[in-house]
Amino acid sequence: MRRLAFCLACLLLVSGCAASPVYPTDGAYHADTDHPYFMYTSSYNLILAPSDNGFYMHVPVCLLHIDPDCTSAAPVCARPNCLHEKETDPERFEQCSAYFPYANGVNFVAWYRGVLYGLFYEETGFGENRTTLKKISQDGSRREDVLCFGDVKVVNCALIHRGSLYISLTLYDENTDSSGGLYAYSLDRPDEPPETVIELSGTGTRVISINAYGNYLYYLCSDPYAWDDRVLYAHDLNTGETFPLPGAPEGYAVTSVDFLDGKLIAGAYPKEGASDDAPRFFECGLDGSHPRELPLPGGTLGSDGRYLYLLCGPESPDGARLYVYDAAYGEVDCIGLAFDGFVPAILALYPTAGEYAILHCRERGSGKQHFYRLDKSALGSGTLRPAEFLRFDHEYMGALYRNG
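Note that the structure is predicted; figures quoted are calculated from it, not measured. For every chain, the first residue of the written sequence is number 1, and numbering continues from 1 onward in sequence order. Predicted model: local features are reported for residues with pLDDT of at least 70 only, side-chain atom pairs are reported and counted for 80 or more only, and whole-chain, interface and lining totals are derived from all residues. Only hydrogens and water are removed before side-chain values are computed, so all heavy atoms of the structure are retained for them.

1. Here's the deal with the environment of Ala74
Stated precisely, the cut-off is as follows: In DSSP terms, a helix is any run of H or I states spanning at least four residues, a strand is any run of E spanning at least two, and both are numbered starting from the N terminus. Burial status follows relative accessibility: with a 1.4 Å probe on protein chains alone, a residue under 20% of its type maximum counts as buried, one over 50% as exposed, and anything between as partly exposed.
The topology assignment puts Ala74 in strand S4 (residues 73–75). Its relative accessible area of 34% is what places Ala74 among the partly exposed residues. For the pair Ala74 and Met57, spaced 17 residues apart in the sequence, the C-alpha separation amounts to 10.0 Å.

Shown next, in the form of structure tokens:
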């Protein structure tokens, strides 16, 4: 009997240890545990999350699934006879499994280790609300609370990396004084209090953007009333050390972070009133070492780890164009972007880690959204052309879409 009890105790101990995942601590990118940096752009964007079978996209009140070949999209809903975006009854519209209200400041959806997560803002009555992180079933029919952040007024940004949700929160008291900061919540131990990366209470400053690569978390701090005063910080996840990265030149403010071949690429844009309106780009090590300026034209950057994508809008001297560079900054391709019958107000690129990049365009005036796929296998051939696969109207209404 004692031997049986001892064996059972050992089994319980082993199973308990096995329940705690071990995450990488090195500076490399690991696809199964790390934040998919290649799905984010340094321009306005909706949130796309790569999954094991295509992509999930959060438009302001709807969750869509895009097939792996980027040829079509559909609401993530399992309700029979649901009209989805065509529903005119407000109550039935909210009963659609794809209904997904944004989290009071940010659209957020993430696919992490086989699980789909989303941030939700919910009114609880009596003038109170709560913001929660939920697990979402792949057909949208089930949602399960993972973390609750209480009465949060603004979610500035969030990402999941190596087992933790990193989230920038802002709260206000009855005197409208702000508090908040950047916090790390464990997804494996959700009942534990979060770790504080940086506390910003009483400063008026917010963390407005975060990114991650390897053992570093990068975040951009800014005063919402002085957007030109931005500082980019690196936080070492192994040591807890936080330090500012090399600053932008006089008259510029850092606004974006991308990664290429294990290096950090920072974009700096001119401050208000600067005489030169062209952005400048800098390369450095992941720890900020050996910074140097890059000979790239103006635009917004994205990277899939192999190629660097530079997107120029229609106001550029040569019109809307997409430049593609290799890790040595040699030009691989240059694609002119022509749009039939409308002028783009917003252009953004999601490089992805797969065969296709996704180009997002919002029309000037109407607000219609267009999505195109770019076949990377055609890079450098002179034949690459954007192919539209999704279009919807009025972003506040969600998925008013048609398959192209």
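2. Observations regarding the nonpolar core
Put simply, the test is: What we call a nonpolar core is a set of buried Ala, Val, Leu, Ile, Met, Phe, Trp, Tyr and Cys residues that are connected through their side-chain atoms within 4.5 Å.
Core analysis: the largest hydrophobic core is formed by 38 residues, its most contacted members being Met57, Ile66, Tyr218, Phe259, Leu264, Ile358 and Leu390. Within the second largest apolar cluster, 21 residues are counted, among which are Leu119, Leu147, Val155 and Leu187.

3. Describing the sheet that holds strand S17 (residues 252–260)
Inclusion rule: Only strands joined by at least two bridges in the DSSP assignment are considered to pair. Simply put, an axis is a line fit to the C-alpha atoms, just over the touching stretch for a helix, and the angle between two N-to-C directions goes from 0 to 180 degrees.
Strand order in this open sheet of 4 strands is S17-S18-S19-S20, and the pairing throughout is antiparallel. The sheet terminates laterally at S17 and strand S20 (292–294), the two strands that pair on one side only. Averaged over all pairs of adjacent strands, the angle between their axes in this sheet comes to 30 degrees, without regard to strand direction. Here strand S18 (residues 263–270) runs beside strand S19 (residues 280–284); their pairing, made up of 5 bridges, is antiparallel. When the sheet's bridge partners are listed, Ala268 is paired in S19 with Arg280.

4. Concerning the sheet that holds strand S21 (residues 300–303)
With respect to topology, 4 strands assemble into an open sheet ordered S21-S22-S23-S24, the strand pairing being antiparallel. Each edge of the open sheet carries a strand with a single partner, namely S21 and strand S24 (331–336). Averaged over all pairs of adjacent strands, the angle between their axes in this sheet comes to 20 degrees, without regard to strand direction. Summarising the sheet, strand S22 (residues 308–312) and strand S23 (residues 321–325) pair through 5 bridges and their orientation is antiparallel. Looking at S23, one finds that Leu308 is bridged to Tyr325.

5. Overview of the pattern of salt bridges
Our working definition: Salt bridges are defined as contacts in which a side-chain nitrogen from Lys or Arg sits within 4 Å of a carboxyl oxygen from Asp or Glu.
Taken as a whole and judged by the stated rule, the model has 9 salt bridges. Between Asp26 and Arg162 there is a salt bridge whose closest N-O contact spans 3.5 Å. Taken together, the residues span a long stretch of sequence, with Asp26 in the loop between helix H1 (2–18) and strand S1 (47–51) and Arg162 in the loop between strand S9 (154–161) and strand S10 (164–172) at a distance of 136 residues. You can call Arg162 buried: its relative accessible area is 9%. We note a salt bridge from Asp145 to Lys134, for which the minimum N-O separation is 2.4 Å. Pair noted here: Asp145 is in strand S8 (residues 143–148) and Lys134 is in strand S7 (residues 128–136), with a separation of 11 residues, a long-range link.

6. Brief notes about unusual backbone geometry
Although it is not a glycine, Cys70 adopts a positive phi angle of roughly 55 degrees. With a phi close to 60 degrees, Thr352 is a non-glycine residue in the positive phi region. Take Thr352: it is sitting in the loop between strand S25 (344–350) and strand S26 (356–363).

7. Quick notes on the environment of Thr131
Examined against the element boundaries, Thr131 turns out to sit in strand S7. Linking Thr131 and Val154, residues 23 residues apart in sequence, is a C-alpha distance of 9.4 Å.

8. Overview of the pairing of S21
Residues Thr300 and Gly302 of S21 are buried on one face, and the alternating residues Leu301 and Ser303, pointing to the opposite face, are buried as well. Both S21 and S22 contribute to a ladder of 4 bridges, which runs antiparallel. Of the residues in S22, the one forming a bridge with Leu301 is Leu310. The antiparallel hairpin formed by S21 and S22 contains 4 residues in its connecting segment, where Gly305 sits at a positive phi of about 90 degrees.

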